[in-house]
Amino acid sequence: QVQLMESGGGLVQAGESLRLSCAASISSFNAMGWYRQAPGKQRELLATITTGGTTNYADSVKGRFTISRGNAKKAVYLQMNSLKPEDTAVYYCAADRVSIVPGGAEYWGKGTLVTVSS
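Small disclaimer: the values here were computed from a predicted structure and weren't measured. (Residues numbered from 1 in each chain as written. Predicted model: local features only at pLDDT ≥ 70, side-chain atom pairs only at ≥ 80, totals over all residues. Heavy atoms only, no water.)

A tally of regular secondary structure across the chain gives zero helices and 11 strands. Listed by position from the N terminus, the elements making up the chain come as β-β-β-β-β-β-β-β-β-β-β. Computed over the C-alpha atoms, the radius of gyration of the chain is 13 Å, within 12% of the 13 Å expected from 2.2 N^0.38 for a compact globule of 118 residues. Along the longest, intermediate and shortest principal axes, the C-alpha atoms of the chain span 40 × 25 × 25 Å. Out of the 118 residues belonging to the chain, those deemed buried represent 40%. Considering only contacts in the chain between residues 6 or more positions apart, those separated by 24 or more positions represent 56%. Across the chain, the mean location of the 12 positive side-chain charges is 5 Å away from that of the 8 negative side-chain charges. (Helix = DSSP H or I, 4+ residues; strand = E, 2+ residues; numbered from the N terminus. Rg over C-alpha atoms; globule rule 2.2 N^0.38 Å. Buried < 20%, exposed > 50% of the residue type's maximum accessible area, 1.4 Å probe, protein only. Contact = heavy atoms within 4.5 Å. Lys, Arg positive; Asp, Glu negative; His and termini not counted. Charge placed at Lys NZ, Arg CZ, Asp CG, Glu CD.)

Overall, the coordinates contain one disulfide when judged by the stated rule. One disulfide in the model links Cys22 with Cys93; its S-S distance is 2.0 Å. In this structure, the disulfide formed by Cys22 and Cys93 twists by about -75° around the S-S bond and is classed as left-handed. Of this pair, Cys22 sits in strand S3 (residues 18–24) while Cys93 is found in strand S9 (residues 89–96), placing the two residues 71 residues apart along the sequence. Residue Cys22 is classed as buried on the basis of its relative accessible area of 2%. Residue Cys93 is classed as buried on the basis of its relative accessible area of 0%. (Disulfide = S-S within 2.5 Å.)

One pass over the structure, following the stated rule, counts two aromatic pairs. Seen from their ring centres, Phe29 and Tyr107 are 5.5 Å apart, and the 55° between their planes marks the pair as tilted. Remark: Tyr107 occurs in strand S10 (residues 107–108) and Phe29 occurs in the loop between S3 and strand S4 (31–37); sequence separation between them is 78 residues. By relative accessible area, which is 2% here, Phe29 ends up buried. Between Tyr35 and Trp108, the aromatic rings sit 4.5 Å apart at their centres with planes inclined by 45°, giving tilted as the arrangement. You can see Tyr35 sitting in strand S4 and its partner Trp108 sitting in strand S10, a full 73 residues away along the chain. (Phe/Tyr/Trp six-rings, centres within 6.5 Å; stacked < 30°, edge-to-face > 60°.)

Reading across from one edge, S1-S3-S8-S7 is the order of the four strands in this open sheet, with antiparallel pairing throughout. Looking at the sheet topology across the chains shown, the edges are occupied by strand S1 (4–7) and strand S7 (65–69). Taken over all neighbouring pairs, the strand axes of this sheet differ in orientation by 15° on average, direction set aside. Two elements, S3 and strand S8 (residues 75–80), share six bridges in a ladder whose sense is antiparallel. Its bridge partner lying in S8, Cys22 is registered against Val76. (Pairing = 2+ DSSP bridges. Axes fitted to C-alpha atoms, helices over the stretch in contact; angles between N-to-C directions.)

With that settled, the discussion passes to unusual backbone geometry. Here Ser82, not a glycine, exhibits a phi torsion of approximately 50°, which is positive. Relative to the assigned elements, Ser82 resides in the loop between S8 and S9. Given the relative accessible area of 41%, Ser82 is considered partly exposed.

This is the structure:
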């Protein structure tokens, strides 16, 4: 059974940083990524990274967030800098054997809450 487990969420003030981590139970994914969902809003794909290291970012986080993968390809990280109150959401790790798209992915974590106070 594939499992993804996020960690690193919490409460920070605007302008501060957080680093989210996601540990996978296997390493056979080509793509891993991060989504978020704020209360009353649709789920948003934030960033993806492939086994080859290709990254993509949503415009809303480009230049502030950085996605990376662990050497064993079983972990993915999201470094979030210059956080804003509008970044408050539940953040989900996702993984797929092929690719991650805005519509979804094969495997999901349970989410970690990030709250940014003004």
